[in-house]
Amino acid sequence: MARYLGPKSKVARRFGEAIFGPDKVLSRRNFPTYGVLERQFRNLFEKAAKADGITGEVLLQLLESRLDNVVFRLGIAPTRAAARQLVGHKHITVDGQVVNIPSYSVKPGQVIAVREKSKSLEVIEAALAGFNHSKYPWIEWDENAKAGKFLHKPERADIPENIKEQSIVELYSKN
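Only a predicted model underlies this, so the values are computations on that prediction, with no experimental measurement involved.

## Things to note about the sheet that holds strand S2 (residues 97-98)
Backbone-to-backbone hydrogen bonds join strands into a sheet, with any given pair of strands oriented parallel or antiparallel. Judged by pairing direction, the sheet is antiparallel, and its 5 strands sit side by side in the order S2-S1-S3-S5-S4 without closing on themselves. Of all the strands in the sheet, just S2 and strand S4 (139-142) have a single pairing partner and so form its edges. When S4 meets strand S5 (residues 147-150), the two strands line up antiparallel, connected through 4 bridges. Pairing of Ile-139 across the sheet is with Phe-150, part of S5.

## Describing the nonpolar core
Within the largest apolar cluster, 24 residues are counted, with the highest numbers of intra-cluster contacts made by Leu-67, Val-71, Leu-74, Ile-76, Ile-92, Ile-112 and Phe-150. Where this core is concerned, the elements lending two or more residues are helix H4 (67-74), helix H5 (80-88), strand S1 (92-94), strand S3 (111-114), helix H6 (122-129) and S4. If you tally residues by element for this core, the top one is H4, at 5 residues.

## What to know about the pattern of salt bridges
One pass over the full model with this rule turns up 7 salt bridges. Residues Arg-66 and Asp-68 are paired through a salt bridge, measuring 3.0 Å at the closest nitrogen-oxygen approach. Judged by its relative accessible area of 4%, Arg-66 is buried. Arg-73 is paired through a salt bridge with Glu-161; the nearest N and O atoms lie 2.8 Å apart. One end of the pair, Arg-73, is in helix H4; the other, Glu-161, is in the loop between S5 and helix H7 (165-173), with 88 residues separating them in the sequence.

## Considering helix H2 (residues 38-50)
With 13 residues, H2 should cover 18 Å at 1.5 Å per step; its first-to-last C-alpha distance of 18 Å lies within 8% of that length. When H2 is considered as a whole, its buried residues turn out to be Phe-41, Leu-44, Phe-45 and Ala-48. End-on, the buried residues of H2 take up no more than an arc of 105°, which puts them together on one face. Facing away from the buried side of H2 by more than 90 degrees, the exposed set consists of Arg-39 and Lys-50.

## A short note on the packing of aromatic side chains
Two numbers describe a pair of aromatic rings. These are the distance of the centres and the angle of the planes. Under the defined criterion, the tally for this structure stands at 3 aromatic pairs. An angle of 55° between the planes, with centres 5.4 Å apart, marks the rings of Phe-41 and Tyr-172 as tilted. Here the residue Phe-41 occupies a position in helix H2, and Tyr-172 occupies one in helix H7, the gap between them amounting to 131 residues. Taking relative accessible area as the criterion, Tyr-172 reaches 9% and is therefore assigned buried. Ring centres of Tyr-136 and Trp-138 lie 5.2 Å apart, and the angle between their planes is 45°; on these two criteria the pair is classed as tilted. Tyr-136 gets classed as buried once you look at its relative accessible area, which sits at 10%. Taken together, the ring pairs connect Phe-41, Phe-45 and Tyr-172 into an aromatic cluster. Just above the ring of Tyr-34 sits the side chain of Arg-80; from NZ or CZ to the centre is 4.6 Å. One Lys or Arg, Lys-107, reaches over the ring of Tyr-104 and ends 5.8 Å from the middle of that ring.

## Points about the environment of Lys-107
Within the element layout of this structure, Lys-107 appears in the loop between S2 and S3. A relative accessible area of 45% places Lys-107 in the partly exposed class. The spacing of Lys-107 and His-152 is 45 residues in sequence and 7.8 Å in space, taken between C-alpha atoms.

## Thoughts on the packing of H2 against H7
Contact geometry for H2 and H7: axes closest at 11 Å, N-to-C directions at 95°. What the angle tells us is that H2 and H7 run roughly perpendicular. Each of Glu-38, Phe-41, Arg-42 and Phe-45 in H2 lies in contact with H7, whose residues at this interface are Ile-168, Val-169, Tyr-172 and Ser-173.

Rules used throughout
Counting of residues starts from 1 at the beginning of each chain's written sequence and follows it residue by residue. In keeping with the model being predicted, local features are shown solely for residues with a pLDDT of at least 70 and side-chain atom pairs are shown and tallied solely at 80 or more, while totals for entire chains, interfaces and linings include all residues. For side-chain calculations, the full set of non-hydrogen atoms in the structure is used, while hydrogens and water are omitted. Two strands pair if DSSP finds at least two bridges between them. Here a strand is any run of E in DSSP of at least two residues, a helix any run of H or I of at least four, and the numbering for each starts at the N terminus. Nonpolar core, defined: a set of buried Ala, Val, Leu, Ile, Met, Phe, Trp, Tyr and Cys residues in which side-chain atoms within 4.5 Å join the residues together. Note on exposure labels: buried denotes an accessible area under 20% of the residue type's maximum, exposed denotes more than 50%, and partly exposed covers the range between, all computed with a 1.4 Å probe on protein chains only. By definition here, a salt bridge exists when the distance from a side-chain nitrogen of Lys or Arg to a carboxyl oxygen of Asp or Glu is within 4 Å. A helix is expected to reach a length of 1.5 Å times the quantity of its residues less one. The directions from the helix axis to the C-beta atoms form the arc being described. Think of it this way: a Phe, Tyr or Trp ring, Trp meaning its six-membered ring, pairs with another when their centres are within 6.5 Å, and the plane angle makes it stacked under 30 degrees, edge-to-face over 60, tilted otherwise. Geometrically, a charge over a ring is one whose NZ (Lys) or CZ (Arg) sits within 6 Å of the ring centre while staying within 35 degrees of the ring normal. For helices, the axis comes from a line fit to the C-alpha atoms of the stretch in contact; other axes are also lines fit to C-alpha atoms, and the angle between any two N-to-C directions lies between 0 and 180 degrees. Angles below 35 degrees are treated as roughly parallel, those above 145 as roughly antiparallel, those between 65 and 115 as roughly perpendicular, and all remaining angles as oblique. Residues are treated as being in contact if the distance between any of their heavy atoms lies within 4.5 Å.

See the structure below:
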């Protein structure tokens, strides 16, 4: 299991985007991307290419339906890296079952919740305190249960990321 541990601000400056999440160097443009490495991204692209629909949009929908991303979008974690860690440390359940695989693909209708033992964690409480849960139309949040429901896969217009998916499709289609 690999993770990029190098200089994140340097890479973010090179691309002009906050690739790894909020960055004080690029704080004026806070558009973090998904933090997926090359092989996993290639596999997602191939899956998107085989699926019906526009490949770029399907790819973004697959990325948005990853468990670590859904946990981040629900506001349970402040960053995608923190969401990945919460999932890996078994603090998150999907339909009542503990899931510790960050790349787990969440299906429409599934309920993502904070585990009962973990509801009092400071990190989770702090992240949920100042978060606007009505930002994303494809998920809904239940404050009392500390659970969210993945309603449907998002449309491209709903995804706030500053990504040119057509460029990605062109690059990966060359091989």
